[in-house]
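Architecture and fold: a report
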Amino acid sequence: MEIFILYWIAAALLFAIGIIQVIVKAARNQPVKPGLKLVIASVIMVVIGAGACAVILSNLNIGH
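Bear in mind that the values here come from a model prediction, so they are computed numbers and not experimental data. (Residues numbered from 1 in each chain as written. Predicted model: local features only at pLDDT ≥ 70, side-chain atom pairs only at ≥ 80, totals over all residues. Heavy atoms only, no water.)

Counting its regular elements, the protein chain contains 2 helices and 0 strands. Based on the C-alpha atoms only, the size of the protein chain along its principal axes is roughly 55 × 25 × 10 Å. Taking contacts inside the protein chain between residues at least 6 apart in sequence as the whole, the part at least 24 apart equals 52%. Here the protein chain has roughly 5,000 Å² of accessible surface; of this, 76% comes from carbon and sulfur atoms. (Helix = DSSP H or I, 4+ residues; strand = E, 2+ residues; numbered from the N terminus. Contact = heavy atoms within 4.5 Å. Areas by Shrake-Rupley, 256 points an atom, 1.4 Å probe, with all protein chains shown as cover.)

The terminal C-alpha atoms of helix α1 (residues 2-27) lie 38 Å apart, and with 26 residues this matches the ideal 38 Å at 1.5 Å per residue to within 8%. Following α1 by one or two positions, N29 has its phi on the positive side, about 60°. (Expected span 1.5 Å × (residues − 1).)

What follows is about the packing of aromatic side chains. Counting across every chain of the model gives 1 aromatic pair. The interplanar angle of 85° and the centroid separation of 5.9 Å between the aromatic rings of Y7 and W8 together place this pair among those described as edge-to-face. Assessed through its relative accessible area of 26%, Y7 is described here as partly exposed. In this structure W8 comes out as partly exposed when scored by relative accessible area, which is 31%. (Phe/Tyr/Trp six-rings, centres within 6.5 Å; stacked < 30°, edge-to-face > 60°. Buried < 20%, exposed > 50% of the residue type's maximum accessible area, 1.4 Å probe, protein only.)

Another aspect to go through is helix α2 (residues 33-58). Between the first and last C-alpha of α2 there are 37 Å, a value that for 26 residues agrees with the 38 Å anticipated at 1.5 Å per step. Along α2, the residues that are buried comprise G35, V39, S42, M45 and G49. Those residues of α2 hidden inside the fold are in contact with α1. Taken from the residues just after α2, N59 is the one with a positive phi, measuring 55°.

If you want it as C-alpha cells, here you go:
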C-alpha cells in the first residue's frame with residue numbers, strides 16, 4: 001500500500017517541478033523542452049497508475 005502512495009507523490013512532484021520549470025524558463029526565454037518532458041512523464045504515470053488502481057479495485061482477472 002505504501003508503494004502506491006509513493007508512486008502518486010512522485011507523479012505529483014514530477015508534474016509540479018515540470019510546470020515550475022516551464023514557467024521559469026518561458027519567462028527567461030530559454031528552451032522549455034525539459035520541463036515539458038517532466039509534465040508528459042507525470043501525465044503518463046497518472047494514466048498508468050489510475051489504470052492499475054482501477055484493475056486492483058475492481059478485482060479483475062486479467063488473462064483469464
